[in-house]
Amino acid sequence: VQLVESGGGLVQPGGSLRLSCAASGFSFSSYDMSWHRQAPGKERELVASITWSGGVTNYGDSVKGRFTISRDNGKSTVYLQMNSLKPEDTAVYYCYALGPNYWGQGTQVTVSS
């Protein structure tokens, strides 16, 4: 099982980023996926989740209306579109596969002027 996140970086407040998580080694289209984040000194928290079909999504309260999770089962990839970014969104963002119970290595997102 392998999950490889990409798309992180430095962005100014109010800006946007799109994270990608490319999956391999398991039947991606059969499993729910999620994005989590962990800021320094804080616990890892759920950002967004999506069911295997993409039909149902859920978001943490702090990102509702700003972030959008989506998936392309044909490409075995899950995405996180992040808009109107705030400094408090700064964290390492991790991709998680529910069925295999596997985490990606994380990608750093820094929101700063």
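Residues numbered from 1 in each chain as written. Predicted model: local features only at pLDDT ≥ 70, side-chain atom pairs only at ≥ 80, totals over all residues. Heavy atoms only, no water.

Thoughts on the state of the cysteines
Within this structure, the stated rule accounts for one disulfide. The side chain of cysteine 21 participates in a disulfide bridge whose partner is cysteine 95; the two sulfur atoms lie 2.1 Å from each other. Measuring the twist about the S-S bond at about -80 degrees, one finds the cysteine 21-cysteine 95 disulfide to be left-handed. Of the two residues, cysteine 21 is situated in strand S3 (residues 17-24) and cysteine 95 in strand S9 (residues 91-97); the sequence distance between them amounts to 74 residues. Assigned by exposure class, cysteine 21 and cysteine 95 land together as buried. (Disulfide = S-S within 2.5 Å. Helix = DSSP H or I, 4+ residues; strand = E, 2+ residues; numbered from the N terminus. Buried < 20%, exposed > 50% of the residue type's maximum accessible area, 1.4 Å probe, protein only.)

Here we look at the pairing of strand S8 (residues 77-82)
Of all six residues in S8, five are buried; the element is thus mostly enclosed. Alignment of S3 against S8, held across six bridges, turns out to be antiparallel. Following the sheet pairing, alanine 22 is matched in S8 by threonine 77. Where strand S7 (residues 67-72) and S8 come together, six bridges link them in antiparallel fashion. Its bridge partner being in S8, threonine 68 is matched across the sheet by glutamine 81. Hairpin connection of S7 to S8: four residues between the antiparallel strands, including serine 76 at a positive phi of 50 degrees. (Pairing = 2+ DSSP bridges.)

Considerations on the packing of aromatic side chains
What the rule picks out here adds up to four aromatic pairs. Judged by centre distance (4.5 Å) and plane angle (35 degrees), the ring pair of tyrosine 96 and tryptophan 103 falls under tilted. Taken together through their ring pairs, the aromatic side chains of Phe26, Phe28 and Tyr31 make up a single cluster. Positioned over the ring face of phenylalanine 28 is arginine 71, at 4.4 Å from the centre of the ring. (Phe/Tyr/Trp six-rings, centres within 6.5 Å; stacked < 30°, edge-to-face > 60°. Lys NZ or Arg CZ within 6 Å of the ring centre and 35° of its normal.)

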